[in-house]
Amino acid sequence: MYSTQFNQWEYDAFQRLLILNVWRGDHSTGVIRGQTDGRILHRKSILSSPQFVYSAVSDIIEDHKNFKKPYFLAGHTRHATKGAITLKNAHPFSFPNVVGMHNGTIQTSFKHRNEFETDSEAFYKNLNDYGLKEALEEIQAYDTAYAFVWVDKKERTLNFVKNSKRPLYFTYAFLGSTLMWSSEKQDLEYVLRRKNYTTNSGWRGDKEVTFFTLYDDHLMSVPIGKNPKEKAKMTKLDIEKKKLLHDVHDDSWEYWYSVGYCGSDPYDQDERQPGPRDVRGVGGDTSGVEVRKERRKSSGSGGLPEPTYEELMRVPHEHFDRDGRYIGPDERLSRYFDAVFFGD
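Residues numbered from 1 in each chain as written. Predicted model: local features only at pLDDT ≥ 70, side-chain atom pairs only at ≥ 80, totals over all residues. Heavy atoms only, no water.

### Looking at the side chain of asparagine 103
Put simply, the rule reads: The helix and strand labels rest on DSSP assignments: H or I over at least four residues marks a helix, E over at least two residues marks a strand, and numbering proceeds from the N terminus. Residue exposure (1.4 Å probe, protein chains only): buried if accessible area is under 20% of the type maximum, exposed if over 50%, otherwise partly exposed. Contacts are residue-level and defined by heavy atoms, with any inter-residue pair within 4.5 Å sufficient.
Mapping asparagine 103 onto the fold places it in strand β6 (residues 98-103). The exposure class assigned to asparagine 103 is buried, which follows from its relative accessible area of 19%. Residue contacts for asparagine 103: discarding those within four places in its chain leaves Arg24, His76, Ala145, Tyr146, Ala147, Arg166, Pro167 and Ser183.

Written out as structure tokens, the structure reads:
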């Protein structure tokens, strides 16, 4: 949650989003707070996000006398995939030049990986030491998944980058002075609905397409203290992909999967120019979604598998029950609290 006018509305909305994200991980919770006095603070705990919000450590996500007013709050809930469930391995990870969080798993060996228990902390070590381009090129692999959110302490920017294997959605509120984001578009919709707010907008204030996401390896950067709608910048990164093992046997297929552009800055999608993705219909409703698949095949080669329905709709598998029914935010919260407080 970023806002040049951070008030109780933003505190409440952020706390609701943080609680909802417990479904994505309940092994630990962390928060970055960027304040109007220039300080970048962070706090992490091995509490789940609902426990974090209702504990003594929650003052960092409140309008509290111990803290100056924030420009932004960024939250993370961890499901441990690499590294033990410890406070040290909780996100965010702080280095002299950057502090950030990671959703996903890096499935490859890379520089500094053996120095840290988690792949995420090793990535931020590389980002701190070598910059974004080299850090991303180090981790490229067929099954590497990432959505990174971090602060560049030297440049004073809040930054976002992702690949196709992890979701990240955005919307603007209050005429673009507030930027909201979450791994789940449905959670943003739920929080806005509960806050009785219906005039959110998309990229550059688009009123028709009110949510957007990012193309793979496109950096969205917001100068801290500036209006996020007017000053947010989208940059296409020139990332050199590693040669993958399966390419040795099948290097004649090329496969692209994309969703159409979003917002009031239309552009030729084939050129992959900087801009957000259109997310109309994402999350189970196929109306308005343009899914394009292009393949080129030479003789004798095999092929990549067709994307599943869930991949096309970009809804995580864990949000479906055993019968394939989608579980929305209301039911997810209800199930979680029933399990915590009633043991059901």
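### Description of the pattern of salt bridges
When the charged atoms of two side chains lie near each other, side chains of opposite charge can form a pair. Defined as follows: We define a salt bridge as a contact between a side-chain nitrogen of Lys or Arg and a carboxyl oxygen of Asp or Glu at a distance within 4 Å.
All chains considered together, the criterion is met by eight salt bridges. One salt bridge connects lysine 195 with aspartate 12, and the closest N-O pair in it is separated by 3.4 Å. Of this pair, lysine 195 sits in the loop between α5 (185-194) and β11 (212-214) while aspartate 12 sits in helix α1 (residues 8-20); the two residues are 183 residues apart in sequence, bridging distant segments of the chain. Assessed through its relative accessible area of 18%, lysine 195 is described here as buried.

### Points about the nonpolar core
Put simply, the rule is: Among buried residues, those of type Ala, Val, Leu, Ile, Met, Phe, Trp, Tyr and Cys that are joined through side-chain atoms within 4.5 Å constitute a nonpolar core.
Among the nonpolar cores identified, the biggest contains 27 residues, and Val31, Ile61 and Met180 are the most heavily contacted of them. Counting residues per element, the ones that place at least two in this core are α1, α2 (49-53), β9 (169-173) and α5. Filtering out sequence-adjacent residues up to four positions away, valine 31 remains in contact with Phe14, Leu18, Leu41, His42, Arg43, Phe52, Ile60, Ile61, Leu73, Ala74, Gly75 and Pro92. One finds Phe160, Leu168, Leu179 and Phe212 within the second-largest nonpolar core, a separate group that totals 24 residues.

### Considerations on unusual backbone geometry
Residue proline 92 is reached from histidine 91 by a cis peptide bond, and omega for that bond is 10°. Positioned with a positive phi, aspartate 217 is a non-glycine residue whose angle comes to about 55°. Inspection of the secondary structure assignment puts aspartate 217 in the loop between β11 and β12 (218-223).

### Some points on the pairing of β12
To keep it simple, the criterion reads: A pair of strands is considered paired only if DSSP assigns at least 2 bridges between the two.
Summarising burial for β12: five of the six residues are buried, a large majority. Where β12 and strand β13 (residues 233-236) come together, four bridges link them in antiparallel fashion. Note that in β13 the partner of histidine 218 across the bridge is lysine 236.

### As for the packing of α1 against α5
What counts, and what does not: Axis definition: a line fitted to C-alpha atoms, over the contacting stretch in the case of helices. Angles run 0 to 180 degrees between N-to-C directions. Angles are sorted into four bins: roughly parallel if under 35 degrees, roughly antiparallel if over 145, roughly perpendicular if 65 to 115, and oblique for all others. Should the near helix be turned counterclockwise from the far one by less than a right angle, the crossing is left-handed, whereas a clockwise turn marks it as right-handed.
α5 packs onto α1 with a crossing angle of 140° between their chain directions and a minimal axis gap of 10 Å. In terms of orientation, α1 lies oblique with respect to α5. As α1 packs across α5, the resulting crossing turns out to be right-handed. Side by side, α1 and α5 meet where Trp9, Ala13, Arg16, Leu17 and Leu20 of the first sit next to Asp187, Leu188, Tyr190, Val191, Leu192 and Arg194 of the second.

### Focus on the packing of aromatic side chains
Geometrically, a pair of aromatic rings is defined through the distance of the ring centres and the angle of the planes. This is how it is decided: Centres within 6.5 Å make a pair out of two Phe, Tyr or Trp rings, where for Trp the six-membered ring is used; the pair is then stacked when the planes are under 30 degrees apart, edge-to-face when over 60, and tilted otherwise. Only lysine NZ and arginine CZ atoms are considered, and such an atom sits over a ring when it is within 6 Å of the ring centre and within 35 degrees of the ring normal.
One pass over the full model with this rule turns up 14 aromatic pairs. An angle of 70° between the planes, with centres 5.0 Å apart, marks the rings of phenylalanine 6 and tyrosine 11 as edge-to-face. Residue phenylalanine 6 is classed as buried on the basis of its relative accessible area, which comes to 2%. According to the relative accessible area criterion, tyrosine 11 is buried, its value standing at 2%. A ring pair is formed by tryptophan 9 and tyrosine 197, whose centres lie 5.6 Å apart and whose planes are at 65°; its orientation type is edge-to-face. Of this pair, tryptophan 9 sits in helix α1 while tyrosine 197 sits in the loop between α5 and β11, and the two are 188 residues apart along the sequence. Residues tryptophan 9 and tyrosine 197 agree in their burial class; the two are buried. When the ring centre of tyrosine 130 is taken as reference, the NZ or CZ atom of lysine 111 above it lies at 4.4 Å.

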